[in-house]
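Next come the chains, spelled out residue by residue.
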Amino acid sequence: MFATMVSSMALCGALNVFIDPLGVFAAPRISGINSLKPYLDHHQDLARWMAAKRLCPSAAIFGNSRAQIGFDPEHPAFHNAGLEAFNHAIPGSSVNLAFNQLNWLIEAGCTPKVAILGIEFFDFLGATSPATPLSASNTEPAPRFDGRFFAETVFSVSGIRDSVNTISLQRAEHPATISPRGFNPLLNYIREVEQSGHHQLFRQRAEENLKSWKRKVPRVQLETGMSPDYASLEGFLSLASKSGIKVYVVTYPYHAEIRMLMERIGLGDVFSEWKKSLLLETQKFSHQGAEIQVWDFSGISRYSLEVIPAYGDKQTQLEYYWEAGHFKKALGDKMIQQILAGDAGFGVKLQDAMLNDWLEKDRAQAKSELAQPSSLLTEVNHLLTLQGRKD
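These numbers come from a predicted model, not from an experiment.

*Asks:* So what exactly am I meant to see when it comes to the overall build of the chain here?
*Replies:* Scanning the chain for helices and strands turns up 16 helices and 10 strands. Taking 391 residues into account, the globule formula puts the C-alpha radius of gyration at 21 Å, and the chain, at 22 Å, falls close to it. For the chain, the C-alpha atoms occupy an extent of roughly 75 × 55 × 40 Å along the three principal directions. Counting all 391 residues of the chain, 53% fall into the buried class. Long-range pairs, those at least 24 residues apart, make up 81% of the contacts in the chain between residues at least 6 apart in sequence.

Here it is, written out as structure tokens:
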């Protein structure tokens, strides 16, 4: 019995290491067996770090789920600039994780030349507790293998489940997968749209957003000091500046539905204040010779006004959005092309000379959409009515 138990555990471990669902053991990728890796919601920090350390990227993409599914590290603009890119973004993460990830790269001798940092407004919203500035000396240590990891992923039933999932994934029509460079194309949402329709995805996410926003204090700055998110941003920029890394700070291209909802619940001024503060934060280091640019892609554009399909429409697949907060690779490609290749696009590079004019124009565009009848305005009004009833 003991020999059988030991043999079973050894076979279990060997299978899980060979299939390598998380891609942490650098096992050979064999077509039809384990070449595609499943998107898993556990041990993401370690999996992303091990893959990045092997690649040692010269261009690093940081952010949350919006960056993970929107910014493709295989975009030609990276290659044309002589860069090898990796997407470090992890859903639900803040600038603090990006700060840690950048420090891990530098400590490992993999200092990137370029960093794209996706910034989430709603992380900064509702700032409550002051924080002290951060430096490389007080970052968290890089993820590593330990006994718990092996117990949970190698010698466990859940590890076997992940391996079986990996094998079956190779034949899936729309697999939920993560690329070797950290990009999640969210292909599994194609089936989600076919089953529920984009309208349902937009509606569900909008209701969740409204509930979350209303729980937060409508401010981003603290009178008593710096919030944790600003401290993390300052720490990231300081670390990048000292290491000679060119940084593109990027706001996400929220769908016009989000912008209109924000205006209606009184967050328009706070949003403008936040974008102004981003430029002020970067200028602390730009004046010291650091190469930092702030790009605003959150404005109303023909892309953010992509029409939400009608209720019950399960045939239409939108070109640029999954739902109001998560944009597709097609839109992320346009953003990368603009900031790296200099092509004309819908983003605006924020600078002192034009900042106030741009923020006024930006607010005016959002208010204009609220002043003219449209199917989107009808949906916004309906969402606010539903939220009011629930409140």
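*Asks:* Just to check I follow, could you spell out the pattern of salt bridges for this structure?
*Replies:* Charged atoms that come close allow side chains of opposite charge to pair. Within this structure, the stated rule accounts for 19 salt bridges. Salt-bridge contacts for Glu84 lead to Arg181; the nearest nitrogen and oxygen are separated by 2.7 Å. Placement of the pair is Glu84 in the loop between α4 (76–80) and β3 (85–87) and Arg181 in the loop between β5 (177–178) and α9 (188–196), with a sequence separation of 97 residues. The structure contains a network of salt bridges with shared partners spanning Arg259, Lys275, Asp296 and Asp362.

*Asks:* Sorry, what's going on with the pairing of strand β6 (residues 246–251) here?
*Replies:* Two faces make up the sheet, and in a regular strand the side chains alternate between them. Most of β6 is tucked away: 5 of the 6 residues are buried. Pairing analysis gives 4 bridges linking β6 to strand β7 (residues 292–296), with the strands arranged parallel. Counterpart to Tyr248 in the pairing with β7 is Gln293.

*Asks:* What is the right way to look at the sheet that holds β7 in this model?
*Replies:* Across a sheet, paired strands are connected by hydrogen bonds in the backbone, their directions being either parallel or antiparallel. Taking strand neighbours across the sheet as the criterion, the 6 strands line up as β3-β2-β4-β6-β7-β10 in an open arrangement whose pairing is mixed. At either end of the open sheet lies a strand with only one pairing partner, and these are β3 and β10 (348–349).

*Asks:* Looking at this structure, how should I read the pairing of strand β2 (residues 59–62)?
*Replies:* Residues Ala59 and Ile61 line one face of β2 and the alternating positions Ala60 and Phe62 line the opposite face, and both faces are buried. Of the strand pairs in this sheet, β2 and β3 are connected by 3 bridges, and their pairing is parallel. What sits directly across from Ala60, in β3, is Phe86.

*Asks:* Would you mind going over helix α12 (residues 256–264) with me for this structure?
*Replies:* An α-helical turn contains 3.6 residues, so any two residues separated by three or four positions project in the same direction. Burial analysis of α12 places 8 of its 9 residues in the buried class, which makes it a mostly covered element. The set of residues buried in α12 consists of Ala256, Glu257, Ile258, Arg259, Met260, Leu261, Met262 and Glu263.

*Asks:* Teacher, can you tell me more about the packing of aromatic side chains here?
*Replies:* Remark: the centre distance and the inter-plane angle together describe each pair of aromatic rings, the angle taken between the planes. One pass over the structure, following the stated rule, counts 24 aromatic pairs. Here the aromatic rings of Phe124 and Tyr230 are separated by 4.8 Å at their centres, their planes lie at 75°, and the arrangement is edge-to-face. Residue Phe124 is located in helix α6 (residues 121–124), and its partner Tyr230 is located in helix α11 (residues 228–242); the two are separated by 106 residues in the primary sequence. Tyr230 carries the same exposure label as Phe124, and that label is buried. The interplanar angle of 40° and the centroid separation of 6.2 Å between the aromatic rings of Tyr252 and Phe327 together place this pair among those described as tilted.

*Asks:* Explain the nonpolar core here, please?
*Replies:* Within soluble globular proteins, side chains that are nonpolar tend to cluster in buried spots. Ranked by size, the top nonpolar core spans 101 residues in total, and within it Phe62, Phe71, Ile119, Phe121, Phe236, Val247 and Trp274 carry the most contacts. With residues near it in sequence (within four places) discarded, Phe236 still touches Phe62, Ala98, Phe99, Leu102, Ala115, Leu117 and Val247.

*Asks:* Would you mind showing me how to read the side chain of Lys275 here?
*Replies:* Checked against the element boundaries, Lys275 lands in helix α13 (residues 268–286). Residue classification places Lys275 among the buried positions, given a relative accessible area of 0%. Side chain to side chain, Lys275 and Asp362 meet in a polar contact 2.7 Å long. If we skip the residues at most four places from it in the chain, Lys275 touches Arg259, Asp296, Ser298, Leu350, Leu359 and Asp362.

*Asks:* Help me understand the environment of Ser93 in this model?
*Replies:* By secondary structure assignment, the location of Ser93 is in the loop between β3 and α5 (95–107). When sequence neighbours within four positions are dropped, the list of residues in contact with Ser93 reads Gly63, Asn64 and Asp123. A polar contact of 2.6 Å, which involves the side chain of Ser93, links it to the backbone oxygen of Ile90.

*Asks:* For this particular structure, what's the right way to read the packing of α12 against α13?
*Replies:* Helix-helix packing is described using two parameters, namely the angle between the two axes and the distance between the axes. In the contact formed by α12 and α13, the axes pass within 7 Å of each other and the chain directions differ by 115°. Looking at the two axes, α12 sits roughly perpendicular to α13. Of α13, the residues touching α12 (which contributes Arg259, Met262 and Glu263) are Gly268, Phe271 and Lys275. The residue inventory of the contact of α12 with α13, partitioned by class, reads 2 nonpolar, 1 polar and 3 charged.

*Asks:* What should I look at first to understand the environment of Ala256 in this one?
*Replies:* Inspection of the secondary structure assignment puts Ala256 in helix α12. Assessed through its relative accessible area of 0%, Ala256 is described here as buried. Apart from the residues within four sequence positions on either side, Ala256 is in contact with Ile300, Ser304, Leu305 and Leu376.

*Asks:* For this particular structure, what's the right way to read unusual backbone geometry?
*Replies:* Peptide bonds are trans in most cases, and residues, glycine excluded, mostly fall at negative phi. One non-glycine residue, Asp20, lies in positive phi territory at about 50°. Within the secondary structure, Asp20 sits in the loop between α1 (2–19) and β1 (37–38). Backbone geometry at Leu186 places phi at a positive 55°, although glycine is not the residue there. As for its placement among the helices and strands, Leu186 is situated in the loop between β5 and α9. Residue classification places Leu186 among the buried positions, given a relative accessible area of 12%.

*Asks:* Help me understand the state of the cysteines, please; the structure alone is not making it clear to me.
*Replies:* One covalent bond between the sulfur atoms of two cysteine residues makes up a disulfide. Applying the stated rule across the entire model yields 1 disulfide. Two residues share a disulfide in this structure: Cys56 and Cys110, whose sulfurs sit 2.0 Å from each other. Its S-S torsion of about -110° marks the bond between Cys56 and Cys110 as left-handed, since a negative value means left-handed. Residue Cys56 is located in the loop between α2 (44–55) and β2, and its partner Cys110 is located in the loop between α5 and β4 (114–119); the two are separated by 54 residues in the primary sequence.

So, how was this worked out
- Residues numbered from 1 in each chain as written.
- Predicted model: local features only at pLDDT ≥ 70, side-chain atom pairs only at ≥ 80, totals over all residues.
- Heavy atoms only, no water.
- Helix = DSSP H or I, 4+ residues; strand = E, 2+ residues; numbered from the N terminus.
- Rg over C-alpha atoms; globule rule 2.2 N^0.38 Å.
- Buried < 20%, exposed > 50% of the residue type's maximum accessible area, 1.4 Å probe, protein only.
- Contact = heavy atoms within 4.5 Å.
- Salt bridge = Lys/Arg side-chain N within 4 Å of Asp/Glu carboxyl O.
- Pairing = 2+ DSSP bridges.
- Phe/Tyr/Trp six-rings, centres within 6.5 Å; stacked < 30°, edge-to-face > 60°.
- Core = buried A, V, L, I, M, F, W, Y, C linked by side-chain atoms within 4.5 Å.
- Polar contact = N/O pair within 3.5 Å; in protein donor to acceptor, adjacent residues only side chain to side chain.
- Axes fitted to C-alpha atoms, helices over the stretch in contact; angles between N-to-C directions.
- Parallel < 35°, antiparallel > 145°, perpendicular 65-115°, else oblique.
- Nonpolar A, V, L, I, M, F, W, Y, C, P; charged D, E, K, R; others polar.
- Disulfide = S-S within 2.5 Å.

Nothing here speaks to function; it is all geometry.
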